[in-house]
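One letter stands for each residue in the lines below.
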Amino acid sequence: MKILLAKDAGYCFGVRDAVNLAYETAKKEGEVFMLGDIVHNENVVHELEEAGVNVVNSLDQVPDNKPILFRAHGTVPDLWKESKDRVMDVVDATCPLVTEIHEEVKKLDSEDRKIIIIGDHGHDEVNGIKEQVKNAIVIANPEEAMQLRKMKKAGVVSQSTQMIENVQEIINILMTKVFDLRFVNTICFPTRRNHEQIKSLSEICDIMIVIGSFTSANSKRLTELAKIRNERTFQVTSVKDLDIDWFQQTDTVGISAGASTPDNIINDVLEKIKLIGKVSEEELVYE
Ligand code: SF4
């Protein structure tokens, strides 16, 4: 059995930097606080808690003189203001590519355009983008785009982890509804690269394993992209979800992982698959 591991499987640089910053800050300050999980992965959250990285629901719950870390996917302006007014020690782990989306959306707004964000309702990154301007709307899928009324001027950005196919379908519909439409493609390059990798990898493998939490939209999207091309696609959260039966009559196994899946979980899954398939040689890295 041959194993092909997607080259960029796992943490994107934005998440990796944020997680490292959380560990470093907790080590230096004894504790650090965050409004919500830093990544959508239960194992990472648990390990972070043990290191002194705590999740709170509001700034009120942060003890005096303890740092608050703003996460990779961005923070709404009200929270920035409140933390500044309270003179809190803010550790900013916002991914620079999310900051870029905030800048783009403000530019589109300054051109008097109705702002449309293609993304998941209620997702923290999407909320962070939406709150940069007044009256932005979120469209998650083509059905919602169909409901929109005609308008004169609109500016569109997307959540960084969107699938290009969903964005393209929505833009096609918007072209029939908006006279003066400007779209800035804000799908981030790690997402684009990972999506392209899994699309081609799933076509050349007998089975595909996607490693990631079911609470991670990003991991679920990878699974979706692979499943369209390879029906023997399975998503696992860790090594314990692997089923030996999946690997019967299999020559090639493809492996990828969501942007919130840490290296140790990927390695454990990889080693277990090697055991199942009696693979002694190194996995091949698929670019
Ligand atoms: S998915 Fe993209 S935008 Fe989001 S944290 Fe990772 S690199 Fe940054």
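Rules used throughout
- Residues numbered from 1 in each chain as written.
- Predicted model: local features only at pLDDT ≥ 70, side-chain atom pairs only at ≥ 80, totals over all residues.
- Helix = DSSP H or I, 4+ residues; strand = E, 2+ residues; numbered from the N terminus.
- Rg over C-alpha atoms; globule rule 2.2 N^0.38 Å.
- Buried ≥ 20, exposed ≤ 12 C-beta atoms within 10 Å, placed from the backbone.
- Contact = placed C-beta atoms within 7 Å.
- Near = placed C-beta within 6 Å.
- Nonpolar A, V, L, I, M, F, W, Y, C, P; charged D, E, K, R; others polar.
- Pairing = 2+ DSSP bridges.
- Right-handed = clockwise from strand over helix to strand, strands pointing away.
- Axes fitted to C-alpha atoms, helices over the stretch in contact; angles between N-to-C directions.
- Core = buried A, V, L, I, M, F, W, Y, C linked by C-beta atoms within 7 Å.

Caption draft 1: Focus on the overall build of the protein chain. Within the protein chain, the secondary structure is distributed over 10 helices and 13 strands. For 287 residues, the compact-globule estimate of 2.2 N^0.38 gives 19 Å, and the C-alpha radius of gyration of the protein chain, at 21 Å, lies within 12% of that figure. Buried residues in the protein chain amount to 41% of all 287 residues. Long-range pairs, those at least 24 residues apart, make up 75% of the contacts in the protein chain between residues at least 6 apart in sequence.

Caption draft 2: Examining the site of the ligand more closely. Residues in close proximity to the ligand total 15 residues, the closest being Cys-12, Gly-14, Cys-95, Ser-160 and Cys-188. Those elements that place two or more of their residues in the shell around the ligand are α1 (13-29), α4 (96-110) and α8 (189-204). Across the shell around the ligand, the residue classes break down as 10 nonpolar, 5 polar and no charged.

Caption draft 3: Here's a closer look at the pairing of strand β3 (residues 53-56). Examined bridge by bridge, strand β2 (residues 32-35) and β3 share 4 bridges and lie parallel to one another. Across the sheet, Met-34 pairs through a bridge with Val-55, a residue of β3. Between the parallel pair β2 and β3, the chain is carried across by helix α2 (residues 42-51), and the sense of this crossover is right-handed.

Caption draft 4: Inspection of the sheet that holds strand β7 (residues 137-139) at higher detail. With parallel pairing, the 4 strands of this open sheet are ordered in space as β7-β6-β8-β9. This sheet does not close on itself; its edge strands, each paired only once, are β7 and β9 (178-183). When strand polarity is set aside, the average angle formed by the axes of neighbouring strands in this sheet is 30 degrees. Note: strand β6 (residues 114-118) against β7, 3 bridges, orientation parallel. Within the sheet, the bridge partner assigned to Ile-117 lies in β7 and is Val-138. Contacts between α4 and the sheet are confined to β6, β8 (151-158) and β9, with β8 contributing the most and set at about 175 degrees to the helix.

Caption draft 5: How the structure looks around unusual backbone geometry. Within the chain, Asn-65 stands out as a residue other than glycine whose phi angle is a positive 65 degrees. Structurally, Asn-65 can be placed in the loop between β3 and β4 (68-70). We classify Asn-65 as exposed; it has 8 C-beta atoms within 10 Å. Positive phi, normally seen in glycine, also occurs at Lys-278, with a value near 50 degrees. In this structure, Lys-278 sits in the loop between α10 (263-276) and β13 (284-286).

Caption draft 6: Molecular detail of the nonpolar core. Of all hydrophobic cores here, the largest spans 46 residues; its most connected members are Val-15 and Ala-22. Setting aside residues up to four positions removed in sequence, Val-15 forms contacts with Val-39, Ala-72, Ala-259 and Ser-260. The next biggest cluster of nonpolar side chains, apart from the first, holds 25 residues, and it includes Leu-5, Cys-205, Leu-225 and Ile-255.

Caption draft 7: Spotlight on the environment of Phe-70. Summarising the element assignment, Phe-70 is placed in strand β4. Residues Phe-70 and Leu-35, 35 residues apart in the sequence, show an inter-C-alpha distance of 7.4 Å. Not counting residues within four places of it along the chain, the set of residues in contact with Phe-70 comprises Thr-75, Val-90, Asp-92, Ala-93 and Thr-94.

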